[in-house]
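Spelled out from the first residue to the last, the chains are:
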Amino acid sequence: MMNLYLRYFNKETLVTSVDDAISFLSSIDEIGMTPELEQDIRDYAASDVFYPKRYKVRSRVYFIIIKTEAANMQDFKDKKALRAQDGDGDMPVLKERSSAHQAMLKLNVQRPGWYEGTLNFKRVQMSPGTGKFQYRDTIFVAQVKAMSPQDCYNRIVEHLRSRVDERSQFPSPKGKNYTYRYLGAAK
């Protein structure tokens, strides 16, 4: 069963139905519930989309709706309904289907040891024929002793920044241009 968490500044609630969500939002004068907004919220709740939805109230002011399996507010706050253990029991993963969110969670899991990180970045190099600078895709692979995949990424980028042109561009650790492999615990 999918519940909805709603928050507007310090007003928040966890509801079990779309009607309760609309009732909560209607009780907040600043939001100004319209038939179009109500229908959009109903469509979001009925869809297979699992990422949070943000609705604009006015310039730089939003309210959010998050789908969750949490049974109550405390479970939601403790993120109990978001995480499950995968087969080896070490790495938390989302039950929901958001691969970007799963990647972000896995990046920050503390698992000290050796990692092999591969980074595909845009390196600025001078072209010998023209003397002009250009970006070239460069793949860099390193084995790093780190606390987490994110720490591995940070150490690789820190190493490269002091050795390549400062205009070089490094990808986000959440994207497809950074991959890692856990090699084992440090001895």
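Below or above, wherever it landed, is the structure these notes cover. (Residues numbered from 1 in each chain as written. Predicted model: local features only at pLDDT ≥ 70, side-chain atom pairs only at ≥ 80, totals over all residues. Heavy atoms only, no water.)

## Comments concerning helix α2 (residues 35-46)
So, step 1. If you check α2, its first and last C-alpha atoms are 16 Å apart, about what 12 residues at 1.5 Å a residue would give, namely 16 Å.
So, step 2. Within α2, the full set of buried residues consists of Leu37, Ile41 and Tyr44. With its buried residues spanning 60 degrees around the axis, α2 presents them on a single face. In α2, the exposed positions angled more than 90 degrees off the buried face are occupied by Pro35, Glu36 and Ala46.
So, step 3. Considering only its buried residues, α2 is in contact with α1 (18-26), β3 (53-58) and β4 (61-68). (Helix = DSSP H or I, 4+ residues; strand = E, 2+ residues; numbered from the N terminus. Expected span 1.5 Å × (residues − 1). Buried < 20%, exposed > 50% of the residue type's maximum accessible area, 1.4 Å probe, protein only. Arc of directions from axis to C-beta. Contact = heavy atoms within 4.5 Å.)

## Observations regarding the packing of aromatic side chains
So, step 1. Scanning the entire structure with this criterion turns up 8 aromatic pairs.
So, step 2. For the pair Tyr55 and Phe63, a centre-to-centre distance of 5.0 Å together with 15 degrees between the ring planes defines the contact as stacked. Neither Tyr55 nor Phe63 differs from the other in exposure class; each is buried.
So, step 3. Put simply, the rings of Tyr115, Tyr153, Tyr178, Tyr180 and Tyr182 touch in pairs and so form one group of aromatic residues.
So, step 4. The ring of Tyr62 carries Arg54 above its face, with NZ or CZ at 4.0 Å from the centroid. (Phe/Tyr/Trp six-rings, centres within 6.5 Å; stacked < 30°, edge-to-face > 60°. Lys NZ or Arg CZ within 6 Å of the ring centre and 35° of its normal.)

## Regarding the pattern of salt bridges
Side-chain pairs of opposite charge can arise whenever the charged atoms involved come near each other.
So, step 1. Counting across every chain of the model gives 8 salt bridges.
So, step 2. Of the charged contacts in the structure, one is a salt bridge between Lys122 and Asp137, with a shortest N-O distance of 2.7 Å. Of the two residues, Lys122 is situated in strand β7 (residues 113-126) and Asp137 in strand β8 (residues 133-146); the sequence distance between them amounts to 15 residues.
So, step 3. Among the residues examined, Lys122 registers a relative accessible area of 35% and is labelled partly exposed.
So, step 4. Here Asp165 makes a salt bridge to Arg167, at a shortest N to O gap of 3.0 Å.
So, step 5. Within this structure, Asp19, Glu38 and Arg42 form a network of salt bridges that share partners. (Salt bridge = Lys/Arg side-chain N within 4 Å of Asp/Glu carboxyl O.)

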